[in-house]
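# Summary of the model geometry
Spelled out from the first residue to the last, the chains are:
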Amino acid sequence: MRKETFLTKEKAEEIAAQFPTPFHVYDEKGIRDNLTAIKKAFAWNKGFREYFAVKANPNPFLIRIMKEYGCGCDCSSYTELMLAERLSLPGEAIMFSSNDTPAEEYAYALKLGAVINLDDLTHIDFLEKICGAEGFPKTISCRFNPGGLFEMSNGIMDNPGDSKYGMTKDQLFEAFRILKTKGVEHFGIHAFLASNTVTNEYYPKLAGILFSLAKDISETLNVHISFINLSGGVGIAYQPGQEANDILEIGKGVEEQYRSILEPAGMGDVAIYTEMGRFVTGPYGALVTRAIHEKHIYKEYIGCDACAVNLMRPAMYGAYHHITVLGKENAPCDHVYDVTGSLCENNDKFAIDRSLPEIGIGDLLYIHDAGAHGYAMGYNYNGKLKCAEILLKQDGSFEMIRRAETPADYFATFDCFPEFKDLG
Ligand SMILES: *Cc1c(COP(=O)(O)O)cnc(C)c1O
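Since the structure is predicted, the reported quantities are computational estimates derived from the model, not experimental observations. (Residues numbered from 1 in each chain as written. Predicted model: local features only at pLDDT ≥ 70, side-chain atom pairs only at ≥ 80, totals over all residues. Heavy atoms only, no water.)

### Observations concerning the site of the ligand
Where we set the bar: Whether a residue is near a molecule or strand depends on its heavy atoms: it is near if one of them lies within 4 Å of it. Any pair of nitrogen or oxygen atoms within 3.5 Å is treated as a polar contact; in protein, a donor-acceptor pairing is required on top of that, and neighbouring residues in sequence qualify only through side-chain atoms on both sides. To measure how exposed things are, a 1.4 Å probe is used in the Shrake-Rupley method; for residues, cover is taken only from the protein chains shown. Only protein atoms enter the 1 Å grid used here, on which a cavity is any set of points holding a 1.4 Å probe that cannot leave and a pocket is any open set flanked by protein within 12 Å on both sides along at least five of seven lines; residues with an atom within 4 Å of a point are listed as lining. For a cavity or pocket, the test is whether more than half of a molecule's atoms lie within 2 Å of its grid points; if they do, the molecule sits there.
K55, E275, G277, R278 and H373 are the nearest of the 15 residues found near the ligand. Taking D74, its side chain carries an N or O atom lying 3.2 Å from a nitrogen atom of the ligand. Measuring from an oxygen atom of the ligand, one finds a backbone N or O atom of G277 at 2.9 Å. Protein chains bury 91% of the 390 Å² of accessible surface belonging to the ligand in isolation. The cavity that encloses the ligand is the largest pocket.

### Remarks on the nonpolar core
Considering soluble globular proteins, one finds that nonpolar side chains tend to be buried as a cluster. Condition: Buried Ala, Val, Leu, Ile, Met, Phe, Trp, Tyr and Cys residues form a nonpolar core when they are joined through side-chain atoms within 4.5 Å. Burial status follows relative accessibility: with a 1.4 Å probe on protein chains alone, a residue under 20% of its type maximum counts as buried, one over 50% as exposed, and anything between as partly exposed. In this description a helix means any DSSP run of H or I spanning at least four residues, a strand means any run of E spanning at least two, and both kinds are numbered starting from the N terminus. The domain boundaries here were taken from an automatic or database domain assignment. In this analysis, two residues are considered to be in contact whenever any of their non-hydrogen atoms come within 4.5 Å of each other.
Counting residues in hydrophobic clusters, the biggest one holds 88 residues, and the most contacted among them are L118, F176, Y203, I217 and I225. Looking at which element gives the most residues to this core, the answer is helix α8 (residues 202-221), with ten residues. Both domain 1 (28-282) and domain 2 (283-414) contribute no fewer than three residues apiece to this core. The residues contacting I225, other than those within four sequence positions of it, are F176, F187, I189, A214, I217, S218, M267 and V270. Ranked by size, the runner-up nonpolar core spans 18 residues in total, among them L287, Y337, F350 and I359.

### Concerning the domain arrangement of the protein chain
Defined as follows: Buried area, as used here, totals the accessible surface that two parts lose on assembly, with accessibility defined by a 1.4 Å probe and the loss added over both. Salt bridge, as applied in this entry: a Lys or Arg side-chain nitrogen positioned within 4 Å of an Asp or Glu carboxyl oxygen. Residues are grouped as follows: Ala, Val, Leu, Ile, Met, Phe, Trp, Tyr, Cys and Pro are nonpolar; Asp, Glu, Lys and Arg are charged; all remaining types, including Gly, are polar.
Along its sequence, the protein chain is carved into domain 1 (28-282) and domain 2 (283-414). Taking the mean C-alpha position of each, domain 1 and domain 2 sit 32 Å from one another. In this assembly, 25 residues from domain 1 lie in contact with 22 residues from domain 2. Summed over both partners, the interface of domain 1 with domain 2 comes to about 2,000 Å²; 56% of that surface belongs to carbon and sulfur atoms. When the buried surface of domain 1 facing domain 2 is broken down by residue, E28, Y238 and G282 rank first, second and third, together holding 31% of it. At the boundary of domain 1 with domain 2, the tally comes to zero salt bridges. Put simply, the parts of the chain that give the side of domain 1 that touches domain 2 at least two residues each are α2 (28-41), α3 (60-68) and α10 (278-281). For the side of domain 1 that touches domain 2, the element with the highest residue contribution is α2, accounting for six residues. When its residues are assigned to classes, the side of domain 1 that touches domain 2 shows twelve nonpolar, eight polar and five charged.

### So, the sheet that holds strand β11 (residues 271-274)
This is how the line gets drawn: Any two strands with at least two DSSP bridges between them are considered paired. Geometry is summarised by axes, namely lines fitted to C-alpha atoms with helices restricted to the contacting stretch, and by angles between N-to-C directions that run from 0 to 180 degrees.
If you walk around this closed barrel you meet the eight strands as β2-β3-β4-β5-β6-β9-β10-β11, and the pairing is parallel. Between one strand and the next, the sheet's axes are offset by a mean angle of 25°, whatever the strand orientation. Sheet topology places strand β9 (residues 186-190) next to strand β10 (residues 224-229); five bridges connect them, and they run parallel. Bridge pairing in β10 places I189 opposite I228.

### With respect to a negative patch on the surface
Using the following cut-off: Like charges within 9 Å and nonpolar side chains (Val, Leu, Ile, Met, Phe, Trp, Tyr) within 5 Å are joined into patches, using only residues over 30% in relative accessible area that form no salt bridge. Counted as positive: Lys and Arg. Counted as negative: Asp and Glu. His and the chain ends are not counted at all. In this description, the location of a charge corresponds to atom NZ of lysine, CZ of arginine, CG of aspartate or CD of glutamate.
A contiguous patch of negative charge on the surface is contributed by E294, E300, D334 and E358. Structurally, E294 is set in strand β12 (residues 285-296). Judged by its relative accessible area of 40%, E294 falls in the partly exposed class.

### Thoughts on the pattern of salt bridges
Applying the stated rule across the entire model yields 22 salt bridges. Between D338 and K349 there is a salt bridge, with its nearest N and O atoms 3.6 Å apart. Residue D338 is found in strand β15 (residues 335-340), and its partner K349 is found in strand β16 (residues 349-356); the two are separated by eleven residues along the sequence. Here D338 matches K349 in class, with each residue buried. Shared partners join several salt bridges into a network, and the residues in it are K299, D338, K349 and D353.

Pasting the structure below:
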């Protein structure tokens with residue numbers, strides 16, 4: 001089955017003439033249209049803000065585009081906070097949702113005035129020491145983990161009870177009680193219960209749980225809940241033929257829960273926050289790589305010039321990424337290949353037993369849906385260098401938004417070893 005590409009073979013070759021394969025390429029128009037739709041889906045909520053999960057795609061050029069649509073950043077590390085700072089995001093537009101957090105990262109988040117989302121009850125004491133004489137910030141969020149299984153009607157299931165994040169319900173109440181005595185005035189509740197949900201049901205269902213919880217906490221402890229953070233987990237259709245999420249439907253579903261639970265409780269001022277990553281950029285990025293070898297042993301292999309270093313999801317969790325052979329979109333898929341990278345690891349395969357058109361050496365392969373958790377997960381195993389990132393602009397022109405790594409980048413941390421100085 002076919003899946004559309006945002007790039008033609010001609011355009012891909014044009015880019016490749018300037019920036020050799022492999023490269024990641026992003027579709028500016030797709031990203032902008034999607035951001036417009038997200039904004040529209042939650043326009044009913046006055047305080048709505050999407051805090052883009054920086055870990056999904058930490059490219060400042062892309063995050064600068066999101067900023068135009070009112071997005072903030074969801075950060076979970078020192079360098080992610082730096083990125084938000086360099087993009088001049090104000091503190092209230094930076095969410096710091098971390099776990100197992102080092103003290104210096106909390107200190108930095110405090111300095112930026114970021115909204116801190118506490119992952120655990122014990123972090124209250126931990127953070128208090130760092131706050132020092134200044135005391136706690138006036139606004140704090142806590143992360144909830146309901147435990148058990150989280151199941152949706154289409155059979156999608158995740159296992160919060162087995163995840164390291166968040167606090168139990170009792171701990172959450174306890175945290176709010178303590179934080180109130182420490183002078184916190186505005187509270188947020190956060191939860192992330194299922195990953196890559198390709199169903200319009202996830203956010204509304206999560207919203208229902210968190211809204212009821214918020215009402216309960218607000219009534220029991222008499223605290224002001226100022227926002228509820230639905231976090232990430234809204235998925236994308238990696239498989240061809242899979243029906244994609246409809247963000248307008250999702251927004252409507254959350255609105256219904258809001259009107260039926262929060263408004264009657266007199267909590268119609270609660271802002272809705274999201275921390276979507278995958279849904280924002282995933283479908284609007286592709287990894288373009290060239291077939292450089294074919295190999296016939298017990299199976300048929302196509303070797304390409306990208307490897308798991310450029311896109312780790314298939315190797316890491318057997319994730320499906322659709323592949324289109326550019327220029328052969330309409331050719332019959334009458335060959336079965338394993339499409340491999342060059343790492344000395346047998347899991348370095350972008351596809352296993354995949355039916356594809358006959359691939360010739362030099363063909364360009366377009367690996368779909370690499371725009372989130374793609375480049376971002378890159379690493380340097382086998383001394384492989386990370387590739388460039390290109391932005392395909394709305395007028396069809398393109399721009400490099402991150403250069404490819406060079407050997408000098410790779411050896412940069414050996415500047416303590418004389419032979420690796422001056423690599424240029
Ligand atoms: C990973 C993550 C996200 C983004 O998840 P997606 O599935 O990419 O939307 C949001 N919030 C937190 C805390 C995360 O860890």
